[in-house]
Amino acid sequence: MHIAVVGLSHRTAPVEIRERLSIPEQTMEDSLQRLRSDEQVIEASILSTCNRLEIYTLLRHPEQGITAVGDFLSQQSGLAVEELRPHLFTYHHEEAVGHLLRVAAGLDSLVLGEGQILSQVKKMVRLGQEHRSVGPILNRLLNQAVSTGKRVRTETNLGTGAVSISSAAVELAQLKVGQARGTDELVPLDQEQVAVVGAGRMARLLLQHLQAKGCRGVVLLNRTVARAEALAADFPALPVQCRPLDDLDHCLSTCSLVFTSTGAEEPIITARRLEGLNRRSSLMLIDIGVPRNISADAAQLQGVDSFDVDDLQEVVARNQEARREMAAEAEGLLAEEARLFLEWWDGLEAVPLVNRLRLQLEDIREQELQKALSRMGPDLSARERKVVEALSKGIINKILHTPVTRLRAPQPRQQRRAAMGVLQDLFELHDDPPEA
């Protein structure tokens, strides 16, 4: 068996590639089932966010398994494997474990130390369990990744003042508005007419940061107005007008700054839509949805500035250096957590040997028990027979306890293999292991 991860992220693929591989929650079960239908894939779990798609697997054979995952990604995206390959990364075993822990800790995020990725890893665990695509190996690894992410945020300063994609989007707006006013400083957004399209978690964070950056009011659009109103109720200090998505054209005509974050599969703002509006002189669009909510051709219109998640690098770079120093605190914790998992994994190597030893001792126990019972005669009651059998089983369990515990305990791989060799020689356990 072999642990591997295949994926792409903001580091390896542009948004136009990432959006073709985005897997919404409502289709996750089908995707996991398609992965698991290949005989090479024993266990599988998928992490799908706006900045990454990563497939964690337990494979029978590494090369054939990776090929199966590549074929799945090709079918999912509609792109040939050769087109995808330059954007994909593949990590095996120790590297795969280390990568997952870094992701959960926020060390591989666009915004270093962001907190939202941990909830997305938790969601990956939940979906893998609900759809029965993870087994004992990935279940342990994924849950350890979640606990590691929590530990990093508790025991280091990385989570202090951590920012999100939404806050980076607001800072990008401040930067671009400032540049329009002739400065490279982040300026307040108190003079902008702002709209937010969508009422999910990202929209909540947008409202939070807009309020902190001096915004005087927001138009919040959503397909379900009641959901927008429920979100607006959490921001009593920020005037929020809640409107149906049907009012989008009116907002695009009257607002100067529009953020989009919806689950739409196709763009909801296009150049054609904007051309048909009687717009004010300038409009800034910032799209943090993947798949994108704003088509690429919108930026070609005069008076329209359009940005997507890949454009956030400009503001992220401004404060990344200070966060790298904080990230250094987490590296030692990640190394420790990776070592603990890999030691547990190495302990699985002893399971077939332990099974052979247990079967051998059980055969001896059964033979000797039958001899003893035959000598005791027919007068032995059923209760007395059960007591004698329980006694024999207890003796076997006591004999096995210490060697099994020692073999499974964390220890260097060479030390464990030496102990296994001694056990094999002493008990002549060199036959092929039975099926688990």
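Please refer to the structure higher up on the page.
Bear in mind that the values here come from a model prediction, so they are computed numbers and not experimental data. (Residues numbered from 1 in each chain as written. Predicted model: local features only at pLDDT ≥ 70, side-chain atom pairs only at ≥ 80, totals over all residues. Heavy atoms only, no water.)

Participant: Whenever I open this one, the overall build of the chain confuses me. Can you help?
Facilitator: Each helix and strand in the chain was counted, giving 16 helices and ten strands. The dimensions of the chain, computed from C-alpha atoms along their principal axes, are 100 × 45 × 40 Å. Per-residue burial over the chain gives 49% buried out of 436 residues. For the chain, long-range pairs separated by at least 24 residues make up 71% of all intrachain contacts whose partners lie at least 6 apart in sequence. When the accessible surface of the chain is summed, it comes to about 21,400 Å², and 48% of that surface belongs to carbon and sulfur atoms. With 50 positive and 60 negative side-chain charges, the chain shows a spacing of 5 Å between the two charge centroids. (Helix = DSSP H or I, 4+ residues; strand = E, 2+ residues; numbered from the N terminus. Buried < 20%, exposed > 50% of the residue type's maximum accessible area, 1.4 Å probe, protein only. Contact = heavy atoms within 4.5 Å. Areas by Shrake-Rupley, 256 points an atom, 1.4 Å probe, with all protein chains shown as cover. Lys, Arg positive; Asp, Glu negative; His and termini not counted. Charge placed at Lys NZ, Arg CZ, Asp CG, Glu CD.)

Participant: Got a minute to help me understand the layout of surface pockets in this structure?
Facilitator: The calculated volume of the largest pocket comes to roughly 1,200 Å³. As for the largest pocket, its lining consists of 44 residues, and the residues nearest its centre are K123, M202, T262, G263 and V290. Of all the elements in the fold, those that place two or more residues in the lining of the largest pocket are β2 (41–49), α6 (116–130), α9 (201–212) and β6 (218–222). For the lining of the largest pocket, the element with the highest residue contribution is α6, accounting for six residues. Split by residue class, the lining of the largest pocket holds 21 nonpolar, 15 polar and eight charged. (1 Å grid on protein atoms, 1.4 Å probe; cavity = no way out; pocket = protein on both sides within 12 Å on 5 of 7 lines; lining within 4 Å. Points joined across faces, edges and corners; volume = space filled by probe spheres on them. Nonpolar A, V, L, I, M, F, W, Y, C, P; charged D, E, K, R; others polar.)

Participant: Would you explain α6 in this entry?
Facilitator: Owing to its 3.6 residues per turn, the α-helix aligns residues three or four sequence positions apart on the same side. Helix length check: α6, at 15 residues, gives a terminal C-alpha distance of 21 Å against a target of 21 Å (1.5 Å per residue), a fit within 8%. When we look at burial in α6, the residues that qualify are Q116, I117, L118, Q120, V121, M124, V125, L127 and G128. Where α6 is buried, its residues meet α2 (28–36), β2, β3 (52–59), α5 (94–105), α7 (136–155) and α9. Positive backbone phi, approximately 55 degrees, marks R132, located one or two places after α6. (Expected span 1.5 Å × (residues − 1).)

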